[in-house]
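Here's the letter readout for the chains.
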Amino acid sequence: MTLQQKPVEFIDLKAQQQRLGDRIPRAIQRVLDHGRYIMGPEVLELEQQLARFCGARHVISCASGTDALVMALMARGTGPGDAVFVPAFTFVATAEAVALVGATPVFIDVEPDSFLLDPASLDAALETATRTGLAPKGIIPVDLFGPPCAYPEINAYARERGLFVIADAAQSFGASLDGNPVGTLAEVTATSFFPAKPLGCYGDGGALFTDDDELADRLRSLRVHGKGAHKYDNVHIGINGRLDTIQAAILLEKLPVFEEEIALRNRVAQRYGELLEALVVTPALRAGVNSVWAQYTIQSGERDAIAQELKRQGIPSAVYYPAPLHRQTAYKDYPHAPDLAVSERLCAQVLSLPMHPYLEEEAQGRICDIIRQAL
Ligand SMILES: *Cc1c(COP(=O)(O)O)cnc(C)c1O
């Protein structure tokens, strides 16, 4: 790395902070001034703005993406003896939420080009679940790395079999399918505002989206210890799942630039595609998909060599994810579809490159040159 070269960040939160100037410190100060740290006015304001942003009828903010998944599962009465189908190739929280409510995650495979749930694998896993005496209860498709799954097909499949669908949109809020935004694609959608997600706060945060009035009421109750008419009237077993007012205030300042940031992310992804197409397997989007590019993830048999050379030249990269969930110590005894070959191969070949709206063309050129050298 020469002296003139700016360091390349994997996700550059500082560049965004600079762009927003003093808006965020001022928003935080306003919360300090009114002092309503729990369920303050910014929380309701954020929920209204998120609803406007994605067109969902109800938005229930919460403490994290993991809590969002747990609350959705609780609201659907998921528990011991129930099988919930989750991809083996995802972040652990998808399966963890299922295990936390006492149900059984059943792992299914993903498609090699899109990284998204493979419906064919779902059939096999359903059989496995039934054979082991579990009651098939629901599916959690994961919009891994930013593009939404094929929800129309998944919803139809689930409806025929009486299964619920909880969209794990932790990495895809802001994306759309055939013009329909994430948040409206499944009966209930869970997202995360973890700092590194496309729309992130400065701590933990999350939200649920649904058009179902009854489900929304249930989720709002579960978020505050299963409250009924008031906090000390407990009609469900819930959790403490609220989003902090300070985090809501931060998100309110970031939301106005989000649409433009999504466009910038798409430009970065397109440039990567053009520069890398001939060198490695670049991510493929289905027709009608607008992704938010939470990650830009390539596939190569030379993954480790590429990562090493990038590191040697000061460029960060990451392996999301190094092991499929059915190989993880805590999850290896859960049932899975008979064949998870794609998930296994992906874990050996994927590499996520620096991706954020403010990644400059020059830096991208340098990253791609290093990848060419490594090969
Ligand atoms: C980040 C993430 C979660 C969990 O979100 P947290 O806010 O960190 O709890 C769940 N699923 C996926 C796919 C994620 O990437």
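Residues numbered from 1 in each chain as written. Predicted model: local features only at pLDDT ≥ 70, side-chain atom pairs only at ≥ 80, totals over all residues. Heavy atoms only, no water.

Asker: So what's going on with the overall build of the protein chain? Which residues, and what values?
Answerer: Of the regular secondary structure elements, the protein chain holds twelve helices and twelve strands. The C-alpha atoms of the protein chain give a radius of gyration of 21 Å, which matches the 21 Å a tight globule of 375 residues would have. Structurally, the protein chain occupies a C-alpha span of about 65 × 60 × 35 Å along its principal axes. Classification of the 375 residues of the protein chain by burial places 55% in the buried group. Of the contacts formed within the protein chain by residues at least 6 apart in sequence, a portion of 73% connects residues at least 24 apart. Just so you have it, the protein chain exposes about 15900 Å², and 51% of that area is on carbon and sulfur atoms. Each charge class in the protein chain can be summarised by its mean position, and for the 34 positive and 46 negative side chains these summaries are 5 Å apart. (Helix = DSSP H or I, 4+ residues; strand = E, 2+ residues; numbered from the N terminus. Rg over C-alpha atoms; globule rule 2.2 N^0.38 Å. Buried < 20%, exposed > 50% of the residue type's maximum accessible area, 1.4 Å probe, protein only. Contact = heavy atoms within 4.5 Å. Areas by Shrake-Rupley, 256 points an atom, 1.4 Å probe, with all protein chains shown as cover. Lys, Arg positive; Asp, Glu negative; His and termini not counted. Charge placed at Lys NZ, Arg CZ, Asp CG, Glu CD.)

Asker: How would you sum up the site of the ligand? Please name residues and give values.
Answerer: Near the ligand you find 14 residues, and of these Gly65, Thr66, Gln171, Ser192 and Lys197 are the closest. Contact distances for the ligand include 2.5 Å between an oxygen atom and a side-chain N or O atom of Thr66. Within the side chain of Ser192, a nitrogen or oxygen atom sits 2.6 Å from an oxygen atom of the ligand. About the coverage of the ligand: the protein hides 93% of its 390 Å² of free accessible area. When residues of the shell around the ligand are traced back to their parent elements, those giving at least two are α4 (65-75) and α5 (93-100). Within the shell around the ligand, the residues separate by chemical class into four nonpolar, eight polar and two charged. (Near = heavy atom within 4 Å. Polar contact = N/O pair within 3.5 Å; in protein donor to acceptor, adjacent residues only side chain to side chain. Nonpolar A, V, L, I, M, F, W, Y, C, P; charged D, E, K, R; others polar.)

Asker: For the sheet that holds strand β10 (residues 289-290), give the residues involved together with the corresponding values.
Answerer: The strand order across the open sheet built from three strands is β7-β6-β10, with neighbouring strands paired in antiparallel fashion. Bordering the open sheet on either side are β7 (180-181) and β10, each of which pairs with just one other strand. The pairing of strand β6 (residues 176-177) with β7 spans two bridges and is antiparallel. Residue pairing in the sheet places Leu177 in a bridge with Asn180 of β7. (Pairing = 2+ DSSP bridges.)

Asker: Explain the packing of aromatic side chains residue by residue, including any values.
Answerer: Scanning the entire structure with this criterion turns up 15 aromatic pairs. Between the aromatic rings of Phe173 and Phe209, the centroid separation amounts to 5.1 Å while the plane-to-plane angle is 15°, which identifies the pairing as stacked. Here Phe173 is found in the loop between β5 (164-168) and β6, whereas its partner Phe209 is found in strand β9 (residues 206-210), with 36 residues between them in sequence. Of the residues examined, Phe173 reaches a relative accessible area of 3% and is grouped as buried. According to the relative accessible area criterion, Phe209 is buried, its value standing at 0%. Within the aromatic cluster, the residues linked to one another by ring pairs are Phe10, Phe89, Phe91, Phe115, Phe145, Tyr320 and Tyr321. Residue placement shows Arg161 over the ring face of Tyr157; its charged tip is 3.6 Å from the ring centre. (Phe/Tyr/Trp six-rings, centres within 6.5 Å; stacked < 30°, edge-to-face > 60°. Lys NZ or Arg CZ within 6 Å of the ring centre and 35° of its normal.)

Asker: How would you explain the environment of Leu122 if you had to name every residue and give the values?
Answerer: Along the polypeptide, Leu122 turns up in helix α6 (residues 119-131). With a relative accessible area of 2%, Leu122 lands in the buried category. Not counting the four nearest positions on each side in its chain, Leu122 is found in contact with Phe85, Ile108, Leu117, Ile139 and Tyr157.

Asker: Can you lay out the packing of helix α9 (residues 245-276) against helix α12 (residues 361-374) for me, pointing to particular residues and giving the numbers?
Answerer: It is at 10 Å that the axes of α9 and α12 come closest, and there the two elements cross at 30°. Here α9 is positioned roughly parallel relative to α12, judged by the angle of their axes. Crossing handedness for the pair α9 and α12: right-handed. Residues Val268, Arg271, Tyr272, Leu275 and Leu276 of α9 lie in contact with α12, whose contacting residues are Glu361, Gln364, Gly365, Ile367, Cys368, Ile371 and Arg372. In terms of residue class, the contact of α9 with α12 is made up of seven nonpolar, two polar and three charged. (Axes fitted to C-alpha atoms, helices over the stretch in contact; angles between N-to-C directions. Parallel < 35°, antiparallel > 145°, perpendicular 65-115°, else oblique. Left-handed = near helix turned anticlockwise from the far one by under 90°.)

Asker: Tell me what's going on with the packing of helix α2 (residues 23-34) against α9, and back it up with residues and numbers.
Answerer: Orientation of α2 relative to α9, taken along the N-to-C sense of each, is 150°, at an axis distance of 9 Å. What the angle tells us is that α2 and α9 run roughly antiparallel. Two packed elements cross with a definite hand, and for α2 against α9 that hand is right-handed. Side by side, α2 and α9 meet where Arg23, Ile24, Ala27, Ile28, Arg30, Val31 and His34 of the first sit next to Thr245, Ile246, Ala249, Ile250, Glu253, Lys254 and Pro256 of the second. Its residues placed into classes, the contact of α2 with α9 shows eight nonpolar, two polar and four charged.

Asker: Could you give an account of the pairing of β5, with specific residues and numbers?
Answerer: Counting buried residues in β5 gives five out of five residues, a clear majority hidden from the surface. Residues Phe164, Ile166 and Asp168 line one face of β5 and the alternating positions Val165 and Ala167 line the opposite face, and both faces are buried. Of the strand pairs in this sheet, β5 and strand β8 (residues 188-192) are connected by three bridges, and their pairing is parallel. Looking at the pairing, Ala167 lines up with Thr189 of β8.

It is worth stressing that arrangement in space is one thing and function is another; only the former is reported here.
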